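Overview (structure and organization)
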Amino acid sequence: MKAIVLAGGFGTRIQPLTNSIPKPMLPILNRPMMEHTIIKLRDELGITQIAVLLYFKPDIIKNHFGDGKDLGVEITYYLPDDDYGTAGAVAFAREFLDETFIIVSGDLVTNFDFKKIADFHQQKNSQLTITLTSVEDPLQFGVVIANEEHRIEKFLEKPSWGEVFSDTINTGIYMIEPEILNYIPYRENFDFAKDLFPKLMREDIPLWGFSLQGYWRDVGNPESYRDVYKDIFAKAIDLPIKGEMKVFDKGVVYMEEGVILHEKIRIKGTVILGKNVEIGEGVTLENCSIGDNTVVKKHSEILDSVLWHDVQIGSKVKLHNAVLCNDNIVKDEVKVAFGVIVAENCEINKKVTFERDVIMWPDKIIEPSAVVSTNVIWGNKYKSSIFENGVVMGRTNIELSAQMSTKLAESFGSILPVGSSVYISRDYHNSSRMLKRAFVSGMLSTGINVINLFNIPSNVMRHALHQNEKIAAGIHFRQSVYEPEITEIVFSTHEGLSIDTKLAQSIERIFFRENFRRVNYQDIGEVYEDMFVKDRYIQRLQSNFQKNQFASSELRIAVDIMHGSTADTYPQILHELGIDNITLNAYKNEKGGATNLEQSQENLQKIVQSLNLDCGIIIYPNGQKLQLVDDKGNLVYDYILLLTILELLNITTDKPLRALLPAWAPDFIKYPNIEVVREKFGNFKADNLQEYDLIADTDGHFAFSEFGLNKDAVYASIKVLELIQKSQQKISKVIKSLPEFIFQGGNIPCPSTKKGKIMRKFLEDGKDKRTSSVDGVKIWVSDEEWILMVPDQHQEYLNLYVQAEDAKSAGKIFYQYQDKIEQWISE
């Protein structure tokens, strides 16, 4: 007799355990699952010739088993060139199958007696025998009815509950005679249950069913993988365990070579330790399997858990019902009370707490002291905070799902008074629409009324907020300009400003605790519509400029709207103000975004230059950022645009002005008519901002308080045109008049745990120099040259800004401090 082991499945349902290995290679007691099957075939049936059918990650299986000699068998591999289904794949081994053969799935754990199956098959003179068993939930399997003689009469693959006619199911273990292969087409997708069995029954070829009672589990999802271990430790199934057995008072340990056990440890139940495992002082191990080269440091508890190879467990860690794949690092005092599944190569930092049983996908980092309550799927970090500067962002339907959106709404709504009203708007992308609808439901459930603004730019929604005191907050959904798969949810206060850190933390606290307000049915919120927000915005913007101000002007411009939501407002504004323009990309494009940005810049530069226009304007899709092309066709860098606008204000104003800039903004120019204040950006209130005429940064964001306090590229662009008209100067001439200084930025990777140290080192380094600590640490190298270091609030790096006389000097300052920082980090 020969054997076929099916080992080609993708293991989709059991992700992320199969992210880097095929499902048959999942370890059970530190052996691949398929290895237990091969040993069983060898010992119970005496089979030594085995064919393994591969497809997904075949080399991993071949590299482990080789030719099979280490297990006392001879393995032949077959790799179909496509997915041909279960039976279609077997057809590729047709030449190998010249005698009776048994087919077993490589992702099966069972204690069925294979010898009994062979005896039944021979007794019935069967051509095809299906092994059957009874289960509580047959929905995921083929349901079978056999008569008293054990001949199968009815078969239905994966029925619904309404179709279930038996609790007897097909286990996927078949014994077959070679002539059955004639009914399987070659190089066609053909499945045993869906195709072959019905075909044989139509031709009246008997299918025999042999029922067995015992342990049988199809390891199809992460929960079933954990259940296998629960059953092993509960003695529901006995599998061969490698290593030397050592008996303790309350348990037994199986140890392979190189294991180091501290004298003072506690063992309960069954513990399996792979090669070179090291267990520290005071560790408690109970019903767990630990793979090769794993270290568990002192006073940790590993209960009912599975650790694969090369895992590092810190001190005072508590793991319960956890599965940790290869190459994971769990640092000190991590608490897993309810279970967790961690795919390979993750890092869980100190004092992280898992509030529930969650799944972490590969290559993730959990920051220190984070509280994890939802699955960590894509992206490279799960942070201890959800918000970044008042914005929640994530990959649509992955990190940012409809469920996540609803929970965010319930969290935010629970803070606002019952009966409050909020604006909710979006761009036109389907992802924004889907997440917005989920968000609306969450707000209504907390007793908050929603005023639906539909598809409008975020700057229009924020302006409407600022103008309407009756609205408590605003939320806008938009696709990221730089990564189209990411959706951003922007939260705004009743003043139209970004929510501050304190409010964000309050929302997060409710989110993680799921302490949502639930109102009774009479207080559930209602949805209203406001179709005139855009019209009010346009009217108010136009009222801020003199009638016919631009009509008599000779200004000629080109504008790229980048397929954004401003397409419904900006062209109308330009037309009604009488501004001669060429408008590009003023239509919807679901595929627009990051891929169009560079092309937009290049196209606009060519158009301005070739048509001798006064300037080119780029309005980012949600009206939040402004970029300019000067009259020579040159793209104006963001920080140069800031300096240009300041200079234009300075030479055209008839009254003293005030401007608020971030601490890192260039300061090598003095403006006689403008008082420039540099502060740490964030957490400002409207009353503070109202004191300034301009609020801006070095990234193309501008707010003119005469119109509103939120960044608004649409208004800012019209204001720039007004300043150009008033000054009677070309933009290129204004830029040329600026002093020749260099301003540049960069970042250096730095662990969060080192940021405080680097701040201290920076201050110490500047003790004999002029310094400032308004935001980060700024050190003046000379009268006009400085370097500013600002630790990033959300990412593990330091932001560096340098102002210098020329590029050579700027490079020297930057790399000098980069070397210092790298040295300080390594100390």
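Please refer to the structure placed before this passage.
This text gives an overview of the structure that appears in the document. (Residues numbered from 1 in each chain as written. Predicted model: local features only at pLDDT ≥ 70, side-chain atom pairs only at ≥ 80, totals over all residues. Heavy atoms only, no water.)

Think of it this way: side chains of opposite charge can pair up when their charged atoms draw near. Across all of its chains, the model carries 30 salt bridges by this definition. Between Arg31 and Glu35 there is a salt bridge whose closest N-O contact spans 2.9 Å. Judged by relative accessible area, which is 11%, Arg31 ranks as buried. Judged by relative accessible area, Glu35 falls into the buried class, the value being 8%. With a shortest N-O distance of 2.2 Å, Arg187 and Asp81 are connected by a salt bridge. Here Arg187, found in the loop between strand E11 (168-176) and helix H5 (192-202), pairs with Asp81, found in the loop between strand E5 (74-78) and helix H3 (85-90); they are 106 residues apart in sequence, far enough to count as distant. (Salt bridge = Lys/Arg side-chain N within 4 Å of Asp/Glu carboxyl O. Buried < 20%, exposed > 50% of the residue type's maximum accessible area, 1.4 Å probe, protein only. Helix = DSSP H or I, 4+ residues; strand = E, 2+ residues; numbered from the N terminus.)

One open sheet holds the four strands; their spatial order is E47-E46-E48-E49, and the pairing between them is mixed. The open sheet terminates on both sides in strands that have one partner only, identified here as strand E47 (674-679) and strand E49 (702-704). The average angle at which neighbouring strand axes cross in this sheet is 15°, direction not considered. Two strands pair when backbone bridges link them, and strand E46 (residues 657-662) and E47 are joined in this way by six bridges, in the parallel orientation. The residue of E47 that forms the bridge with Pro662 is Glu679. Strands E46, E47, strand E48 (694-696) and E49 of the sheet are contacted by helix H14 (residues 638-652), whose axis makes an angle of about 20° with E49. (Pairing = 2+ DSSP bridges. Axes fitted to C-alpha atoms, helices over the stretch in contact; angles between N-to-C directions. Contact = heavy atoms within 4.5 Å.)

Attention now moves to the side chain of Glu785. With respect to the secondary-structure elements, Glu785 resides in the loop between strand E52 (777-780) and strand E53 (786-791). One buried charged residue, Glu785, forms no salt bridge at all, with the nearest opposite charge on Lys812 at 8.5 Å. Reaching out from Glu785, the side chain makes a polar contact with the side chain of Ser809 at a distance of 2.8 Å. Those residues within four positions of Glu785 in sequence are excluded, and the remaining contacts are Ile779, Trp780, Gln803, Ala804, Glu805, Ser809 and Ile813. (Lys, Arg positive; Asp, Glu negative; His and termini not counted. Polar contact = N/O pair within 3.5 Å; in protein donor to acceptor, adjacent residues only side chain to side chain.)

Before going further, it helps to examine the packing of H14 against helix H16 (residues 713-727). At a minimum axis separation of 10 Å, H14 and H16 run at an interaxial angle of 45°. In terms of orientation, H14 and H16 fall into the oblique class. Seen along the crossing, H14 lies across H16 with a hand that is left-handed. Residue-level inspection shows Ile645, Leu648, Leu649, Ile651 and Thr652 of H14 in contact with H16, the latter providing Val720, Leu723, Ile724, Lys726 and Ser727. Taken together, the residues of the contact of H14 with H16 sort by class into seven nonpolar, two polar and one charged. (Parallel < 35°, antiparallel > 145°, perpendicular 65-115°, else oblique. Left-handed = near helix turned anticlockwise from the far one by under 90°. Nonpolar A, V, L, I, M, F, W, Y, C, P; charged D, E, K, R; others polar.)

This brings us to unusual backbone geometry. With an omega dihedral of 5°, the bond running from Gln15 to Pro16 counts as a cis peptide bond. Position of Pro16 relative to the elements: it lies in the loop between strand E1 (2-7) and strand E2 (27-28). A positive phi angle, close to 55°, is found at Asn585, a residue other than glycine. Judged by relative accessible area, Asn585 falls into the partly exposed class, the value being 22%.

Before going further, it helps to spend a moment on the state of the cysteines. Here the structure, examined in full by the defined rule, presents zero disulfides. There is no disulfide at Cys325, and the cysteine sulfur nearest it, in Cys346, is 8.4 Å away. Classification of Cys325 as buried rests on a relative accessible area of 0%. (Disulfide = S-S within 2.5 Å.)

Moving on: the sheet that holds strand E44 (residues 626-629). Taken in spatial order, the five strands make up an open sheet running E42-E41-E43-E44-E45, and their pairing is mixed. The two strands at the open ends of the sheet, each matched to only one other strand, are strand E42 (580-584) and strand E45 (635-636). Each of strand E41 (556-560), strand E43 (615-619) and E44 is contacted by H16, which is oriented at about 170° to E43, the strand it contacts most.

Okay, the packing of aromatic side chains next. A complete count under the given rule lists 27 aromatic pairs for this structure. Seen from their ring centres, Tyr639 and Phe743 are 5.1 Å apart, and the 55° between their planes marks the pair as tilted. With Tyr639 in helix H14 and Phe743 in strand E50 (residues 742-749), this residue pair connects regions lying 104 residues apart in the sequence. One exposure class covers both Tyr639 and Phe743, and it is buried. With centroids separated by 6.3 Å and ring planes inclined at 15°, the aromatic side chains of Phe743 and Tyr801 adopt a geometry described as stacked. Pair noted here: Phe743 is in strand E50 and Tyr801 is in strand E54 (residues 797-804), with a separation of 58 residues, a long-range link. With respect to class, Phe743 is no different from Tyr801; both count as buried. Cluster of aromatic residues (ring-pair linked, three or more members): Tyr537, Phe545, Phe550, Phe704, Phe707 and Tyr715. (Phe/Tyr/Trp six-rings, centres within 6.5 Å; stacked < 30°, edge-to-face > 60°.)

Purely geometric numbers; function is a separate question.
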